[in-house]
Amino acid sequence: MTLTCTWAAPDGEPARVTITGPLEFATAGSLLRLVTDRLADHPGVRDVRLDCAGLAFCDSSGLSTLLLVHRAVTGAGARLHLDNRPASLDRLLALTGTTAYLTGETRQSRARLDS
């Protein structure tokens, strides 16, 4: 299975990165390359919205890549949003204690959003 990543950044709007497929060791590099390359091409982007609805799987390499994407986005002066997260990704973030770091959400704020 392959990972498909697309970037859309209409003028004045947040960048949207849509990912479809597994985010794992063999595929994760493509997401990081796409985000870092596009951030260099679009220095005015202030928000990057990663649409995770099509995420089939995320392993430890995928999580590491999400952390590197976060570093690249914040290093460019923007904010990363993980939208439409599947339950499996939320569990991985919760188990590794990275939810608040990657999303800015606390467990309580997520509970309010889900209710």
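Residues numbered from 1 in each chain as written. Predicted model: local features only at pLDDT ≥ 70, side-chain atom pairs only at ≥ 80, totals over all residues. Heavy atoms only, no water.

A.B. asks: How should the pattern of salt bridges be read in this particular structure?
C.D. replies: The full count for this structure, using the stated rule, is 4 salt bridges. When the shortest N-O distance is used, the salt bridge between Arg 49 and Asp 83 registers 2.8 Å. A residue pair is termed long-range when its members are at least 10 positions apart, and Arg 49 in strand E3 (residues 47-58) and Asp 83 in strand E4 (residues 79-83) qualify at 34 residues. Since its relative accessible area comes to 25%, Arg 49 is described here as partly exposed. Here Asp 83 falls in the buried class, since its relative accessible area comes to 13%. Across the salt bridge formed by Arg 85 and Asp 90, the nearest N and O atoms sit 2.5 Å from each other. One salt-bridge network, in which partners are shared between bridges, spans Arg 16, Arg 49, Asp 51 and Asp 83. (Salt bridge = Lys/Arg side-chain N within 4 Å of Asp/Glu carboxyl O. Helix = DSSP H or I, 4+ residues; strand = E, 2+ residues; numbered from the N terminus. Buried < 20%, exposed > 50% of the residue type's maximum accessible area, 1.4 Å probe, protein only.)

A.B. asks: Help me out: how do you make sense of the environment of Arg 16 in this one?
C.D. replies: Position of Arg 16 among the secondary structure elements: in strand E2 (residues 15-23). Residues Arg 16 and Gly 44 lie 28 residues apart in sequence; the distance between their C-alpha atoms is 14 Å. Ignoring any residue separated from it by four or fewer positions in sequence, one finds Arg 16 in contact with Thr 6, Trp 7, Ala 8, Arg 49, Asp 51 and Asp 83. (Contact = heavy atoms within 4.5 Å.)

A.B. asks: What exactly am I supposed to notice about the sheet that holds strand E1 (residues 4-8) here?
C.D. replies: Whenever strands of a sheet pair, they do so through backbone hydrogen bonds, lying parallel or antiparallel. Spatially, the 4 strands line up as an open sheet ordered E1-E2-E3-E4, and their pairing is mixed. This sheet does not close on itself; its edge strands, each paired only once, are E1 and E4. Here the strands of the sheet are splayed against their neighbours by 20 degrees on average, with no regard to which way each runs. Across the face of the sheet, helix H2 (residues 60-75) comes into contact with E2, E3 and E4 while running at roughly 140 degrees to E4. (Pairing = 2+ DSSP bridges. Axes fitted to C-alpha atoms, helices over the stretch in contact; angles between N-to-C directions.)

A.B. asks: Explain the environment of Pro 22 to me, please; I cannot follow it from the model alone.
C.D. replies: In this structure, Pro 22 sits in strand E2. Along the sequence, Pro 22 and Ser 88 sit 66 residues apart, while their C-alpha atoms lie 12 Å from each other.

A.B. asks: Quick question: what am I supposed to make of the pairing of E1 here?
C.D. replies: Consecutive side chains along a regular strand alternate between the two faces of the sheet. Side chains Cys 5 and Trp 7 of E1 all project onto a buried face; the interleaved residues Thr 4, Thr 6 and Ala 8 project onto a face where none is buried. Here E1 pairs with E2 via 5 bridges, running antiparallel. Its bridge partner being in E2, Thr 6 is matched across the sheet by Thr 18. Between the end of E1 and the start of E2, which pair antiparallel, lie 6 residues, with Gly 12 showing a positive phi angle near 75 degrees.

A.B. asks: Help me understand the nonpolar core in this model?
C.D. replies: Among soluble globular proteins, nonpolar side chains are generally buried collectively. Among the nonpolar cores identified, the biggest contains 29 residues, and Val 17, Ile 19, Leu 31, Val 48, Leu 50 and Leu 66 are the most heavily contacted of them. Contributing elements (two or more residues each) for this core: E1, E2, helix H1 (28-41), E3, H2, E4 and helix H3 (87-96). Not counting the four nearest positions on each side in its chain, Leu 31 is found in contact with Leu 3, Cys 5, Val 17, Ile 19, Leu 23, Leu 50, Thr 65, Leu 66 and Val 69. (Core = buried A, V, L, I, M, F, W, Y, C linked by side-chain atoms within 4.5 Å.)

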